[in-house]
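Residue strings, one per chain:
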Amino acid sequence: MEKLKAIASSFMLKGEVTEISPLGNGLINDTYRVCTSEGESYVLQRVNNAIFKDVELLQHNIECVTMHIRTKLQEAGEKDLDRKVLEFIPLKDSPRTYWTDGETYWRVSAFIKDSVTVETVNPEYSYHAGKAFGNFQAMLADIPEQLGETIPDFHNMELRARQLREAVEADAAGRLAEDEVREILAEIETHIDDMCLAERLHREGKLPKRICHCDTKVSNMLFDKEGNVLCVIDLDTVMPSFIFSDFGDFLRTAANKVAEDCPEIDKVAFDMDIFRSFAKGYLESASVFLTPVEKENLPYAAALFPFMQAVRFFADYINGDTYYKTSYPEHNLVRTRNQMALFRSVMTHMDEMAAFCRK
């Protein structure tokens, strides 16, 4: 703890550090609550530079985004600013908002008091998520700063298609001999070009890239104790992307009636109640900036993300399970079956989703 205390004390905190304790149920070894002699609390967090290679770029993105949102809220007359947007603390001897010893990277943000996160995925919270993430995009639609991609090509379907075809050509694990693998490959190939629509529209100048969260889930929002959304958190993946990223990725997990690796494929189904709730909230806040092309392709986004994830799981299975952690030999194949079943379920609702989004 002495090392953590020294790191935390490098930032412009109010008061001296008096206590550091693990925070959260997930990365408790990397996220801590820092208390000071002035009664203030902060969040000390290690940045995962194994995933986010360019921490300077990542923090630049976050600083630009949080400052822009703060300005927007001020202009709107928001009184509770410090609970409605994250604030990152600079170092004592530099305007930089991260500390590094050359190997590890740490940052500090203000702790938002009387806030909670939820894991529950139901129509009510899906509506809140849709509205919050749509509003997040709306506030950033006119951000003047140039932001970079913290994970380049994160949601690029054309890249995932190339990676699958390279995996097939190499057949490193010899799995193309399996009948089921060939059947799945044939099904994927019938849809793969259609699923690359976003990249084609972008090249044609019809689909802009916007600043998106790129990790939309209910647990990435803070609520007050009355159940009202305070702000969006976990901003490491905030970067330029198509709005489909935030719309489709939420539904991929939230609207699947089972977990993504559930082997009971007959139970996989796309939950239209979750879709309607999320889409309602999203359209209420995002319609102020959405173009007709973006809006009419929201059902495509719902189909794209289970398909893209199926392609990623499937390529990893063909490669011999070199990327995703697996618990048993066919784990990635089960995940592929699951996501393809979800994709097929989504496709049966395309007309219904399109009609809902046109309302």
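This section reports on the structure supplied with the text.

How each quantity is defined
- Residues numbered from 1 in each chain as written.
- Predicted model: local features only at pLDDT ≥ 70, side-chain atom pairs only at ≥ 80, totals over all residues.
- Heavy atoms only, no water.
- Pairing = 2+ DSSP bridges.
- Helix = DSSP H or I, 4+ residues; strand = E, 2+ residues; numbered from the N terminus.
- Contact = heavy atoms within 4.5 Å.
- Axes fitted to C-alpha atoms, helices over the stretch in contact; angles between N-to-C directions.
- Polar contact = N/O pair within 3.5 Å; in protein donor to acceptor, adjacent residues only side chain to side chain.
- Buried < 20%, exposed > 50% of the residue type's maximum accessible area, 1.4 Å probe, protein only.
- Salt bridge = Lys/Arg side-chain N within 4 Å of Asp/Glu carboxyl O.
- Phe/Tyr/Trp six-rings, centres within 6.5 Å; stacked < 30°, edge-to-face > 60°.

Judged by pairing direction, the sheet is antiparallel, and its five strands sit side by side in the order β1-β2-β3-β5-β4 without closing on themselves. Bordering the open sheet on either side are β1 (17–22) and β4 (99–100), each of which pairs with just one other strand. Note: strand β3 (residues 41–47) against strand β5 (residues 105–110), six bridges, orientation antiparallel. Paired with L44 across the strands is V108, a residue of β5. Across the face of the sheet, helix α2 (residues 55–75) comes into contact with β3 and β5 while running at roughly 10° to β5.

A few words now on the side chain of R107. Secondary-structure assignment places R107 in strand β5. A distance of 2.8 Å separates a polar atom in the side chain of R107 from a polar atom in the side chain of Q45. A polar atom in the side chain of R107 sits 2.8 Å from the side chain of Q59. Non-local contacts of R107, meaning those with residues more than four positions away in its chain, are made with F11, V43, L44, Q45, V47, L58, Q59, I62, F88, T97 and D236.

For β3, the tally of buried residues reaches five of seven residues, placing the bulk of the element in the interior. Where strand β2 (residues 31–36) and β3 come together, five bridges link them in antiparallel fashion. When the sheet's bridge partners are listed, R33 is paired in β3 with V43. In textbook terms, the turn of a hairpin is the stretch between consecutive antiparallel strands, and for β2 and β3 this stretch comprises four residues, one of which, G39, has a positive phi near 80°.

All told, the structure shown has 26 salt bridges when counted by the stated rule. Across the pair K209 and E149 runs a salt bridge, and its minimum N-O distance is 3.3 Å. With K209 in the loop between α7 (197–203) and β7 (210–212) and E149 in the loop between α4 (123–140) and α5 (157–170), the pair connects residues that are 60 residues apart, well separated along the chain. One salt bridge in this structure joins R252 and D249, with 3.7 Å as the shortest N-O distance. Placement of both R252 and D249 in helix α8 (residues 244–254) is noted, with a separation of three residues, approximately one turn of the helix. Residue classification places R252 among the buried residues on the basis of a relative accessible area of 10%. What emerges from the salt-bridge pattern is a single network uniting K131, K280 and E284.

What follows deals with the sheet that holds strand β9 (residues 229–232). One open sheet holds the three strands; their spatial order is β6-β8-β9, and the pairing between them is antiparallel. Single-partner strands in this sheet number two, and they are β6 (115–116) and β9. Both strand β8 (residues 221–224) and β9 contribute to a ladder of three bridges, which runs antiparallel. Note on β9: the bridge partner recorded for F223 is V229. The sheet strands contacting α4 are β8 and β9, and the helix crosses β8 at an angle near 115°.

Bringing unusual backbone geometry into the picture now. Despite not being glycine, D171 shows a phi value in the positive range, around 45°. The backbone phi angle of D234 is positive, close to 55°, even though this residue is not glycine. The exposure class assigned to D234 is partly exposed, which follows from its relative accessible area of 43%.

Inspection of the entire model under this criterion finds 14 aromatic pairs. With a centroid separation of 5.4 Å and an interplanar angle of 85°, the aromatic rings of F244 and Y300 are classed as edge-to-face. Here Y300 lies in helix α11 (residues 298–319) and F244 lies in helix α8, a separation of 56 residues in the sequence. No difference in accessibility class separates F244 from Y300, as the two residues are buried. With 5.0 Å between their ring centres and 55° between their planes, F307 and F343 make a pair best called tilted. Linking F307 in helix α11 with F343 in helix α12 (residues 331–347), this pair joins segments that are 36 residues apart in sequence. Of the residues examined, F307 reaches a relative accessible area of 0% and is grouped as buried. On the basis of relative accessibility, which here comes to 1%, the residue F343 falls in the buried class. What links up through ring pairs into an aromatic cluster is the set F247, F250, F270, F275, F278, Y282 and F356.

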